[in-house]
Amino acid sequence: MNLTQSPLASVLPRLLEKGILSALDVRFGRLILRLSGSDNFDLFMAAALTSHDVAMGHVCMDLKEIESQCLLEAENGIPELVCPAAGPWMKGLKQNRMVGKGDTFTPLVLDAEARLYLHRFWQDETSLANKILSRTQMPFPEVSRNRLKAALARLFPRNASASDYRQGAAAYIAATRRLCVISGGPGTGKTFTAAKILALVSELEEPRKLRIHLAAPTGKAAARLKESIRLAKGFLPVSDTVKAMIPEEAATLHRLLGSIPGRTDFRFFEKNQLPADLVIVDEASMIDLPLMARLFRALPEPSRVVLMGDSDQLASVEAGYVLKDICGFAHPSGYAKETTEEMEAALGLPDGTIGLRKGQERGLSDCIVSLEKNYRFSETSGIGRLSRAAIQGDADGVMDVLCSEKYDDIRWVSGKRADEYQEILSAAVLRGFKPCLKAQDPQEALNAMERFRILCAVNKGPFGVETINAFAEKLFQGQGLIPAGALRHGLGYRGMPILITRNHYETQLFNGDAGLVWSDPEKGLYALFSGTDGKLRVVPISRLPEYETAFAMTVHKSQGSEFDEVFLILSDADLPFLTRELLYTGITRARHRVALWGSEEVIRRTVSRKIRRRSGLKDALWGSGAP
């Protein structure tokens, strides 16, 4: 095969120049051609485009979606490049030994719906779907119905309206199923419900002491889960014996699964499963497909698994939109008749309180609860109203809130005046981070850092993370709070907020962990992180994995964190990745106040656009008719 004589030679430079493919995609496509022993251009493009889609967060490439799509216009005598029709493309790929159906190993896997996968992603998706569906069909844990009803009545007293049953329903499902998925936004009581689930299951299994694990994707999220459980534990109406059975430790998923330094696999896997009776995982929306698949492979079948998260949030940074796919269209579809009757009886609810769905068979829908009542943001809260309008795609509603003067927790900077933006950004940076840089105590500095954050939609450009971080450093250098040499030599400085950008198993620091650079006369510069045990973790600067300055961070990387106040900056131009989920996630990182910068046009276009990640997981779990 001579690539210089194939169509590749004429189109590759343009594909790279226009960003349709990356250099890595091209190398992968060339590798597949070399292994196949052919110069099939359609095979090259299929492999390279699949590699590209995975890098963009998709699990697979959909041939039907891009069939007949023009990738390159005709130029300088070179004809246009158009993707083949899906039918002929599929037929040609099936005849190549590099493409299979998954029953034997091939680098690429093509399913019946014209989805093309890298083999490991097809394997992860298939494995996860099978593990989840298997849990919905397992025999239920044996519990005393009378004890269950009495415990639920004590933990979830009927002092609210009958319609506010969902926290109790979540506890019922967690106690009586092998899988429970709890979805809800910030302030809906997910972790408080988790504490009651821990009490309920521990009481029902008493005197047997359960092997319980609490986990989250990042160290920060694990620390928040631990603190929430610790605080809620003191208010639980259960015996001291039961309280003693509730763990107060939480780990990152990597630590839970037993990360091995220098390797990408884990100590616990399908053939050496985690000793566990109950596993509760928070911030599940952040978990990508490969990690979720590894989690479920590592869990023994008799164990109970509770996933908690906000399915309306942004998708994970890496491949997949796993929590969203798991939740599917479960929320409006209700429960099977038998499940509904049993749940209403256990919770003491009037008949007909809980919605029914069509069909009598129990399934995944019977394992999912959507928490809707918000205990943090009232109906009159600006943050609450703005976030609801954003995720519902109501652009008029979003603008009504932003233009209203009755919400003191919302501020909109329209982006019409560049000088106004600079003034507001300067004031926000000084107010938000000056206490961090002037703090005398490291814990005081970390606490100050967690009260305010600038969130950006993009990394680069005038409104991106890199520019704003440089702006903040220059501002503080002018105030005398950052030594001049620190920036010139890239040494770091006391009070510098940092964000880990690569997993590092030896130090147990993972992508998304936030920390602070500190110094003292004896140790010099070092980094501090909040440990899941509540103590400060000290890591020498020389041992840190890749990190970046974090006065500003992307909305994506803010998932799992909350701040008292957020300054959310959109782009000055409409971009395809500005979505309602991004806006919703940024807004809901704030506990008390949000300032939003962006023009009305950009905001409206953002609200109109939804995230879409190509995957077959939703179809595998819910059937191809799922909306």
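Look above for the structure.
All values derive from a computational prediction rather than experimental measurement. (Residues numbered from 1 in each chain as written. Predicted model: local features only at pLDDT ≥ 70, side-chain atom pairs only at ≥ 80, totals over all residues. Heavy atoms only, no water.)

(A) Seen up close, the sheet that holds strand β17 (residues 524-530). Strand order in the open sheet formed by 5 strands is β18-β17-β16-β15-β19, and the pairing between neighbours is antiparallel. Strand pairing shows two members of the sheet lacking a second neighbour, β18 (536-540) and β19 (547-549), which therefore form its edges. The mean inter-strand angle of the sheet, taken between neighbouring strand axes irrespective of direction, is 40°. The strands touched by helix α20 (residues 442-449) are β15 (497-500), β16 (514-520), β17 and β18; relative to β16, the strand with the most contacts, the crossing angle is about 150°. (Pairing = 2+ DSSP bridges. Helix = DSSP H or I, 4+ residues; strand = E, 2+ residues; numbered from the N terminus. Axes fitted to C-alpha atoms, helices over the stretch in contact; angles between N-to-C directions. Contact = heavy atoms within 4.5 Å.)

(B) Looking closely at the pattern of salt bridges. Under the criterion given, the structure shown has 33 salt bridges. Taking the shortest distance from any N to any O, the salt bridge between Arg297 and Asp124 comes out at 2.7 Å. Separated by 173 residues along the polypeptide, Arg297 in helix α13 (residues 289-298) and Asp124 in helix α6 (residues 119-137) bring together distant segments of the chain. Arg297 sits in the buried class, given a relative accessible area of 17%. In this structure, the salt-bridge partner of Glu249 is Lys226, at a minimum N-O distance of 3.7 Å. Remark: Lys226 occurs in helix α10 (residues 219-233) and Glu249 occurs in the loop between α11 (240-245) and β9 (251-252); sequence separation between them is 23 residues. We classify Glu249 as partly exposed; its relative accessible area is 47%. Residue classification places Lys226 among the buried residues on the basis of a relative accessible area of 10%. One salt-bridge network, held together by shared partners, links Arg224, Glu283, Arg376, Glu562, Asp564 and Arg591. (Salt bridge = Lys/Arg side-chain N within 4 Å of Asp/Glu carboxyl O. Buried < 20%, exposed > 50% of the residue type's maximum accessible area, 1.4 Å probe, protein only.)

(C) Just the packing of helix α1 (residues 8-17) against helix α3 (residues 41-55), in detail. Two elements in contact, α1 and α3, have axes separated by 12 Å at closest approach and are oriented at 20°. It follows that α1 is roughly parallel to α3 by the angle criterion. Our pair here, α1 against α3, has a crossing hand that is right-handed. Where α1 abuts α3, its residues Leu8, Val11, Leu12 and Leu15 lie against Phe41, Phe44 and Met45. Tallied by class, the residues present in the contact of α1 with α3 amount to 7 nonpolar, no polar and no charged. (Parallel < 35°, antiparallel > 145°, perpendicular 65-115°, else oblique. Left-handed = near helix turned anticlockwise from the far one by under 90°. Nonpolar A, V, L, I, M, F, W, Y, C, P; charged D, E, K, R; others polar.)

(D) Summary view of the side chain of Asp288. Take Asp288: it is sitting in the loop between β10 (278-281) and α13. No salt bridge forms around the buried Asp288; measuring N to O, its nearest opposite-charge neighbour Arg294 is 7.8 Å away. From its side chain, Asp288 meets the backbone nitrogen of Leu291 in a polar contact 3.0 Å long. Not counting residues up to four positions away in its chain, the partners in contact with Asp288 are Ser316, Glu318, Ala319 and Val322. (Lys, Arg positive; Asp, Glu negative; His and termini not counted. Polar contact = N/O pair within 3.5 Å; in protein donor to acceptor, adjacent residues only side chain to side chain.)

(E) Highlighting α10. For α10, built from 15 residues, the straight-helix expectation of 21 Å at 1.5 Å per residue is met to within 8% by its first-to-last C-alpha distance of 21 Å. Considered for burial, the residues of α10 that qualify are Gly219, Ala221, Ala222, Ala223, Leu225, Lys226, Ile229, Ala232 and Lys233. Buried residues belonging to α10 abut α9 (190-205), β8 (212-216), α11, β9, β10 and β11 (304-309). (Expected span 1.5 Å × (residues − 1).)

(F) Representation of the sheet that holds strand β22 (residues 590-597) in the model. Pairing within the open sheet is parallel, and its 5 strands lie in the order β13-β22-β21-β14-β20. Here the strands that pair on one side only, and so sit at the sheet edges, are β13 (410-413) and β20 (552-554). In this sheet, neighbouring strand axes are inclined to one another by 25° on average, regardless of whether the strands run parallel or antiparallel. With 4 bridges joining them, β13 and β22 adopt parallel strand pairing. Within the sheet, the bridge partner assigned to Val413 lies in β22 and is Trp597. Here helix α18 (residues 395-403) sits on the sheet in contact with β13 and β22, set at roughly 100° to β13. The strands touched by helix α21 (residues 465-478) are β14 (452-456), β20 and β21 (563-569); relative to β20, the strand with the most contacts, the crossing angle is about 170°.

(G) A look at the side chain of Gln559. Topologically, Gln559 is positioned in the loop between α23 (555-558) and β21. At 3.1 Å, the side chain of Gln559 and the side chain of Gln313 are in polar contact. Polar side-chain contacts of Gln559 include one of 3.2 Å to the backbone oxygen of His556. The residues touching Gln559, leaving out its near neighbours within four places in the chain, are Ser285, Met286, Gln313, Leu314, Ala315 and Thr585.

(H) Examining the environment of Arg34 more closely. Examined against the element boundaries, Arg34 turns out to sit in helix α2 (residues 23-36). Since its relative accessible area comes to 57%, Arg34 is described here as exposed. Taking C-alpha positions, Arg34 is 9.9 Å from Phe44, a pair spaced 10 residues apart along the chain.

(I) Examining the environment of Leu314 more closely. Structurally, Leu314 can be placed in the loop between β11 and α14 (322-327). The spatial distance from the C-alpha of Leu314 to the C-alpha of Lys131 is 24 Å, given a sequence separation of 183 residues. If near-sequence neighbours (up to four positions away) are discounted, Leu314 is found in contact with Ser285, Tyr321, Val555, His556, Gln559, Thr579, Glu581, Leu582, Thr585 and Ile611.

(J) Representation of empty space enclosed by the protein within the structure. For the structure shown, the criterion picks out 1 cavity of 30 Å³ or more. Reported here for the largest cavity is a volume of approximately 40 Å³. If you go around the largest cavity, the residues you meet are Lys131, Ser134, Arg135, Met138, Phe296, Leu299 and Glu301. Across the lining of the largest cavity, the residue classes tally to 3 nonpolar, 1 polar and 3 charged. (1 Å grid on protein atoms, 1.4 Å probe; cavity = no way out; pocket = protein on both sides within 12 Å on 5 of 7 lines; lining within 4 Å. Points joined across faces, edges and corners; volume = space filled by probe spheres on them.)

(K) Region of interest: the packing of helix α17 (residues 382-391) against helix α24 (residues 580-587). Their axes nearest at 8 Å, the elements α17 and α24 cross at an angle of 165°. With respect to their mutual orientation, α17 and α24 come out roughly antiparallel. For the pair α17 and α24, the crossing hand works out as left-handed. Touching Ile383, Leu386, Ser387, Ala390 and Ile391 of α17 are Arg580, Glu581, Leu583, Tyr584 and Ile587, all from α24.

(L) Molecular detail of the packing of aromatic side chains. Applying the stated criterion to the full structure yields 7 aromatic pairs. When the ring of Phe433 is compared with that of Phe452, the centres are 5.3 Å apart and the planes differ by 70°; the resulting orientation is edge-to-face. Linking Phe433 in helix α19 (residues 418-438) with Phe452 in strand β14, this pair joins segments that are 19 residues apart in sequence. Accessibility assignment for this pair places Phe433 and Phe452 in one class, buried. Consider the rings of Phe463 and Trp597, whose centres lie 4.4 Å apart with planes at 20°: the pair is stacked. (Phe/Tyr/Trp six-rings, centres within 6.5 Å; stacked < 30°, edge-to-face > 60°.)

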